[in-house]
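# Fold and geometry: a report
If you want the building blocks of each chain, they are given just below.
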Amino acid sequence: MRFSRRLVVIVAVVGFVMTLSSVVANAQPAGCRTFTHRYFLGSGTAITLRIGFVDTAIRVCNERPWTVASAEVWQTVGTTGPGAAAGFVVEPGLAVVTEQYRFGARARYEGRVRVCLAQRTPICSPAQDYTVFAVYNLMGPALHNRLEPVWRHAESRGVAYYETA
């Protein structure tokens, strides 16, 4: 019985040391890094045209390895060829760091999309909201590369999100 408990303790200690050495070996150097992600947007109908896009960015600065000193975010939007021809309008809204903590940051990007029929006196569809999230987390479960943020979007009936054009 004592032998198995000691073995468990030894295995746990070895696992901890290996994890710690991996963290130290992959430590992010001090400085700033900018990450970007593009979502192509559709009108949310059965037609799967990618008629607009939103480019989201997060810049994370570290004073020392594995510590977030500051974070800032921004977004740019535009239309693709079919979107410009169809009068698709993407209006950027709020881009904000919603939470910053010692080992990470969370961001939220919002805006609206709509289809307009005429340029001079536009007749537009009701605006649909889009929302994109970024989570940069240096600690926690290693289900992804910790040195890069995870991007996701809100579910919406009026906006369809695509990773590729």
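Scroll up a little and you will see the structure.
First, a word on scope: everything that follows refers to the structure included in this document. Quick caveat: nothing in here was measured; it's all calculated off a predicted structure.

All right, on to the overall build of the protein then. If you tally the helices and strands in the protein, you get 2 helices and 8 strands. The helix and strand sequence of the protein, counted from the amino end, reads α-β-β-β-α-β-β-β-β-β. Sequence separation of 24 or more characterises 56% of the internal contacts of the protein that already satisfy a separation of 6 or more. Here the protein displays about 10,200 Å² of accessible surface, and carbon together with sulfur accounts for 59% of that area.

So, on to the state of the cysteines. Tallied over the entire structure, the rule returns 1 disulfide. One disulfide bridge connects Cys-32 with Cys-61, the sulfur atoms lying 2.0 Å from each other. The sign of the S-S torsion, about 110°, decides the handedness of the disulfide formed by Cys-32 and Cys-61: right-handed. Here Cys-32 is found in strand E1 (residues 31–42), whereas its partner Cys-61 is found in strand E2 (residues 52–64), with 29 residues between them in sequence.

Now for the nonpolar core. Leu-41, Ile-58, Tyr-109, Tyr-130, Val-132 and Trp-151 are the most contacted members of the largest nonpolar core, which totals 24 residues. Going through the elements one at a time, E1, E2, strand E3 (67–79), strand E4 (88–101), strand E5 (104–115) and strand E6 (128–137) are the ones with two or more residues in this core. Looking at this core element by element, the count peaks at 4 residues for E6.

With that settled, consider the packing of aromatic side chains. For any pair of aromatic rings, geometry is given as the distance between the ring centres together with the angle between the planes. Tallying each qualifying case throughout the model produces 3 aromatic pairs. Between Phe-35 and Tyr-136, the aromatic rings sit 5.6 Å apart at their centres with planes inclined by 35°, giving tilted as the arrangement. Here Phe-35 is found in strand E1, whereas its partner Tyr-136 is found in strand E6, with 101 residues between them in sequence. Its relative accessible area of 0% is what places Tyr-136 among the buried residues. A ring pair is formed by Tyr-39 and Tyr-161, whose centres lie 5.8 Å apart and whose planes are at 80°; its orientation type is edge-to-face. With a gap of 122 residues between them, Tyr-39 in strand E1 and Tyr-161 in strand E8 (residues 160–162) connect regions that are remote in the sequence. Against the face of Phe-53 rests Arg-38, its NZ or CZ located 3.9 Å from the ring centre.

Each strand in a sheet pairs with its neighbour through backbone hydrogen bonds, running either in the same direction (parallel) or in the opposite one (antiparallel). Taken in spatial order, the 4 strands make up an open sheet running E3-E2-E1-E8, and their pairing is antiparallel. Two strands in the sheet have a free side with no partner beyond their single neighbour: E3 and E8. Ignoring strand direction, the axes of neighbouring strands in this sheet form an average angle of 30°. Direction of pairing for E1 relative to E8: antiparallel, over a ladder of 3 bridges. By the bridge assignment, Phe-40 is partnered in E8 with Tyr-162.

The pairing of E1 with E2 spans 11 bridges and is classified as antiparallel. In the sheet register, Arg-38 faces E2, and the bridge partner there is Asp-55.

Mapped onto the secondary structure, Val-135 falls in strand E6. Given a relative accessible area of 16%, Val-135 falls into the buried group. Between the C-alpha atoms of Val-135 and Ala-105, which are 30 residues apart in sequence, the distance is 6.1 Å. Here Val-135 is in contact with Ala-105, Arg-106, Pro-149 and Val-150, once residues within four sequence places are set aside.

Definitions and cut-offs
- Residues numbered from 1 in each chain as written.
- Predicted model: local features only at pLDDT ≥ 70, side-chain atom pairs only at ≥ 80, totals over all residues.
- Heavy atoms only, no water.
- Helix = DSSP H or I, 4+ residues; strand = E, 2+ residues; numbered from the N terminus.
- Contact = heavy atoms within 4.5 Å.
- Areas by Shrake-Rupley, 256 points an atom, 1.4 Å probe, with all protein chains shown as cover.
- Disulfide = S-S within 2.5 Å.
- Core = buried A, V, L, I, M, F, W, Y, C linked by side-chain atoms within 4.5 Å.
- Buried < 20%, exposed > 50% of the residue type's maximum accessible area, 1.4 Å probe, protein only.
- Phe/Tyr/Trp six-rings, centres within 6.5 Å; stacked < 30°, edge-to-face > 60°.
- Lys NZ or Arg CZ within 6 Å of the ring centre and 35° of its normal.
- Pairing = 2+ DSSP bridges.
- Axes fitted to C-alpha atoms, helices over the stretch in contact; angles between N-to-C directions.

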